[in-house]
Amino acid sequence: SALAVSDSPDNALLYHTLGLCYHRNNQLKEALKSLSHAMTLKEHFIQAYISRGNVYMSLNSEQGYKLSKRDYCRALHYDPTNLTAHVNLGIALQSYGKMNEGWKQFTSAIKIDPNCHLALEARSIVNLQMGHLFGAFCDINSAVKLHPTPTMLTNRGVIQQYMNDPANAMNDFQQAIEADPTYSLAYFNAANLYFNMRLFEKALKYYDAAVKNCVDDEGAVLNRAIAKVLLKDYKGALVDFDTAISLNPFAAHSYFNRGNLHLAMGENAKAEEDYRKALSLQPKDSSSYSQLAVALGRQFKKVEALDNYKQAIKLNER
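Residues numbered from 1 in each chain as written. Predicted model: local features only at pLDDT ≥ 70, side-chain atom pairs only at ≥ 80, totals over all residues. Heavy atoms only, no water.

Things to note about the overall build of the protein
Thought 1: Helices and strands together make up the secondary structure of the protein, namely 19 helices and zero strands.
Thought 2: With the C-alpha coordinates aligned to their principal axes, the bounding extent of the protein is approximately 75 × 40 × 40 Å.
Thought 3: Here the protein contributes 34 positive and 31 negative side-chain charges, whose respective centroids are spaced 5 Å apart. (Helix = DSSP H or I, 4+ residues; strand = E, 2+ residues; numbered from the N terminus. Lys, Arg positive; Asp, Glu negative; His and termini not counted. Charge placed at Lys NZ, Arg CZ, Asp CG, Glu CD.)

Pasting the structure below:
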């Protein structure tokens, strides 16, 4: 693409394509430069505004959010019926907690095209986050009928799980797996459903499949560790806890759960270390203070144990 651009320095479409390639390779600075240049070459280049907005969202920052919102709004100023701009603006708003505004953008897209499955799927997620379960189900059901992908089926399954319909939820997860046997998220959600039903051996089987298809899925590795603890496979659980922490060293709950395992194995000093690490990441967690007190008490550090119990009680009273 760079060679083609050098041969056609005034070709806005080529600069746009180069920007997309940079974005795909996570070269965000170069992507922004190429897309911005494309806009100087072609007035009202709507797709370039949308693409640059997408890059700004990839920055994962407050400033990136503001700039992405500006670009999507510019695209809609030039073309108020652009579905992609409506959907992407809605996702940006949703990502920063502005659920009602995001919902309105998805609804605008659906009014323009009732068969816009991306807008239906996105609105279903916002409905779910806002606690509107029936609306969420209606939207995702419509989206699945239009575009029955493994992702859509899995999302419908999650919503049905929230609606206390585990049978149909599992049916959707299994359909998703049948459609794509490598889709780790479907295995993960099926495993969670089995876990909630206390069918830990079945849950473990599906966590294994989720991890096999996505080895860096911290959530699947962590949940598999907890399932192994409940199945008394402490050695295997410890390996998974270690892996989960290596994948995300800033997750307090991983240290907390590993601390619980060390405590169950009588490794009180190691448990103490994990609870302290969890508290350094999440200082107001009463459960970590309570468990730390247990670990300290078992090491006959009675005064410090009592202080931590008091702190746990204090936090619970708030």
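Comments concerning the pattern of salt bridges
Thought 1: Applying the stated criterion across every chain, the model contains twelve salt bridges.
Thought 2: Here R74 ties to D71 by a salt bridge, and the two come within 4.0 Å at their closest N and O atoms. Placement of the pair is R74 and D71 together in helix α5 (residues 62–78), with a separation of three residues, close to one helical turn.
Thought 3: On the basis of relative accessibility, which here comes to 33%, the residue R74 falls in the partly exposed class.
Thought 4: According to the relative accessible area criterion, D71 is buried, its value standing at 0%.
Thought 5: Across the pair R123 and D139 runs a salt bridge whose closest N-O atoms are separated by 2.7 Å. Here R123 is found in helix α8 (residues 117–129), whereas its partner D139 is found in helix α9 (residues 133–146), with 16 residues between them in sequence. Of the two residues examined, R123 and D139, each falls in the buried class. (Salt bridge = Lys/Arg side-chain N within 4 Å of Asp/Glu carboxyl O. Buried < 20%, exposed > 50% of the residue type's maximum accessible area, 1.4 Å probe, protein only.)

A look at helix α6 (residues 83–95)
Thought 1: In this model α6 runs 18 Å from its N-terminal to its C-terminal C-alpha over 13 residues, within 8% of the 18 Å that 1.5 Å per residue would give.
Thought 2: Where the residues of α6 are buried, they touch α4 (46–58), α5, α7 (99–112) and α8.
Thought 3: Of the residues one or two after α6, G97 is the one with positive phi, at around 80°. (Expected span 1.5 Å × (residues − 1). Contact = heavy atoms within 4.5 Å.)

Description of the nonpolar core
Thought 1: If you look at the biggest cluster of nonpolar residues, it comprises 47 residues, and the most contacted ones within it are F173 and Y206.
Thought 2: Among the elements that line this core, the one with the most residues is helix α12 (residues 184–196), at seven residues.
Thought 3: Counting 18 residues, the second largest nonpolar core, distinct from the first, contains Y49, Y65, A85 and A92. (Core = buried A, V, L, I, M, F, W, Y, C linked by side-chain atoms within 4.5 Å.)

Some details on the environment of T243
Thought 1: In this structure, T243 sits in helix α15 (residues 234–247).
Thought 2: On the basis of relative accessible area, T243 is assigned to the partly exposed category, the value being 29%.
Thought 3: Taking C-alpha positions, T243 is 41 Å from A48, a pair spaced 195 residues apart along the chain.

Here's the deal with the environment of H16
Thought 1: Note on placement: H16 falls in helix α2 (residues 12–24).
Thought 2: Sequence separation of H16 and L35 is 19 residues, and the distance between their C-alpha atoms is 5.3 Å.
Thought 3: Residues contacting H16, with those up to four places away along its chain left out, are L35, A38, F45, Q47, A48 and S51.

Some thoughts on the side chain of R52
Thought 1: Inspection of the secondary structure puts R52 in helix α4.
Thought 2: In contact with R52, other than residues within four places in its own chain, are L32, L35, S36, M39, R70, D71 and R74.

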